[in-house]
Every structure is written in structure tokens, then in C-alpha cells.
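Chain and residue survey
Spelled out, the chains give:
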Amino acid sequence: MDKGKQKKKRSDGFTLIELMVSVSIFAIVTLITSGSFIVLANIYRKVQSNRAIIDNLNLAMDTMTLQIREGDSYDVSRTPREFTFTERYIDENNDYVEGRTITYKKENDVNGRGTLLQCENNSDCIELTSEEIDVKNINFISSDEDPLRITVVMEGEALNKQGLQSHFLLQTTLSQRNYSRS
């Protein structure tokens, strides 16, 4: 009778070796899982940083597109590649008036990085793209149709602070919004 009671007591718990093996397996699985989460968090940060850069690029393209659509007196220059037009807007008297002359062009800075510039009256220029964007090429293609259609093609690379590099090729086609036949 004593032997039966002893066997019953032994089968009620875990041995020290079983506990050590199960704790080791749990530690290994936890280490692998936490390592995966750390890698995924780093990837997420890189992608978010790259997304902010691409958003800046899209904003530059949208700004340029809106102003060109509202403009008049278009001039596409092949060398250097630039696009000049006269800005038109509606004033406080609801009159459609001519404004400043705007030129969009690509220029390289001292480091060789290409940037998209918006110049007012051929002098005051501001950069539309952030320093993480390298504009390699920009083309303005105009049609001879009425109303005039312009296709803008911009190509380059975006490099975020974490080292993630993305090639981009943006294209948009627009037409003169306030077209009136002469």
C-alpha cells in the first residue's frame, strides 16, 4: 500500500528537467518573437520616413500642376528644360487678371542633387522638393491642340535618413483651365 501512494505522489507534479526544458523553449520562442517585432518596427519607421518624402514630392507636383492649369502664355524651353507661364487669378472685383511670371525648372545644387525650383519673374526662386529628393530629370511636353495640354514627367530618387532609397517616376497631364478662344 505504501508503494501505491508513493507512485501517486510522483505523478502529480513536474520534474526539474521538464520545467527547465519548457522554460528554455518558452525563452527561445519569446526571443524570436520579440526580435521579429523589433525588425518590423524598424521597417515601419523607414517606410513612414519614405512616405513623408514621397508626400513632399506629390505636394510639389500638385502645386505646380494647379498653378500651370490656371496660367496663360505658356512657353516650354527644351534647353534648359523649363516651363514659363503667366499666372492668372480672380481679384477682389471678380476680374480675371494677369499676375506674375512663373518658371518651373530643375537645377543641381553644389552637391549635384537635382531640385525642382519655382522662380517668380525670373529671379526669386524657391525649392519645391526637400533635400532627400534628387530630381534626375524633368520634361514638359506641350501639345498644339486647343486648349493646350501639358504633360509633366519627373524622374529621380528619394533617400530617407535611414538609408531607404526609392526610385520614382511621376507623370501628370493637364490642360489650361481658363481657356478662352481669341
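Owing to the predicted nature of the structure, the values given are computational and were not obtained by experimental measurement. (Residues numbered from 1 in each chain as written. Predicted model: local features only at pLDDT ≥ 70, side-chain atom pairs only at ≥ 80, totals over all residues. Heavy atoms only, no water.)

1. Some words on the overall build of the chain
- Scanning the chain from N- to C-terminus turns up 2 helices and 8 strands.
- N-terminal to C-terminal, the α/β element order of the chain is α-α-β-β-β-β-β-β-β-β.
- Relative to a compact globule of 182 residues, whose C-alpha radius of gyration would be 16 Å, the chain shows 31 Å and is clearly more extended.
- Counting only C-alpha atoms, the chain reaches 115 × 40 × 30 Å along its principal axes.
- For the chain, the residues scored as buried account for 30% of the 182 residues in total.
- A sequence separation of at least 24 residues applies to 38% of the contacts in the chain between residues at least 6 apart.
- Approximately 12,600 Å² of the chain is accessible, and the part contributed by carbon and sulfur atoms is 53%.
- For the chain, the distance from the average site of its 22 positive side-chain charges to the average site of its 27 negative ones is 21 Å. (Helix = DSSP H or I, 4+ residues; strand = E, 2+ residues; numbered from the N terminus. Rg over C-alpha atoms; globule rule 2.2 N^0.38 Å. Buried < 20%, exposed > 50% of the residue type's maximum accessible area, 1.4 Å probe, protein only. Contact = heavy atoms within 4.5 Å. Areas by Shrake-Rupley, 256 points an atom, 1.4 Å probe, with all protein chains shown as cover. Lys, Arg positive; Asp, Glu negative; His and termini not counted. Charge placed at Lys NZ, Arg CZ, Asp CG, Glu CD.)

2. Focus on a nonpolar patch on the surface
- A cluster of nonpolar side chains, namely F37, V39, L40, I43 and V47, defines an oily patch on the protein surface of about 480 Å² accessible area.
- By the secondary structure assignment, V47 is in helix α2 (residues 16–69).
- We classify V47 as partly exposed; its relative accessible area is 44%. (Patch = residues over 30% accessible without salt bridge, like charges linked within 9 Å, V, L, I, M, F, W, Y side chains within 5 Å. Salt bridge = Lys/Arg side-chain N within 4 Å of Asp/Glu carboxyl O.)

3. Quick look at the sheet that holds strand β1 (residues 72–77)
- In spatial order, the strands read β1-β2-β3-β4-β5; together these 5 strands make up an open sheet with antiparallel pairing. One side of each edge strand has no neighbouring strand; the edge strands of this open sheet are β1 and β5 (124–127). On average, each strand axis in the sheet is tilted by 25° relative to the strand beside it, whichever way the strands run.
- Strand direction decides the pairing type here: strand β4 (residues 114–120) and β5, joined by 4 bridges, are antiparallel. Bridge assignment links Q118 to a residue of β5, and that residue is I126. (Pairing = 2+ DSSP bridges. Axes fitted to C-alpha atoms, helices over the stretch in contact; angles between N-to-C directions.)

4. What to know about unusual backbone geometry
- For S73, which is not glycine, the phi torsion reads 55° and is therefore positive.
- You can see S73 is positioned in strand β1.

5. What about the sheet that holds strand β6 (residues 133–142)?
- Spatially, the 3 strands line up as an open sheet ordered β6-β7-β8, and their pairing is antiparallel. In this open sheet, the two strands that pair with only one neighbour each are β6 and β8 (165–175). Sheet twist, expressed as the average angle between the axes of neighbouring strands with direction ignored, equals 10°.
- As judged from the 9 bridges shared by β6 and strand β7 (residues 149–159), these two strands associate in the antiparallel manner. Along β7, the bridge assignment pairs N137 with E155.
- In this fold α2 packs onto β6, β7 and β8, with an angle of close to 20° to the strand it touches most, β8.

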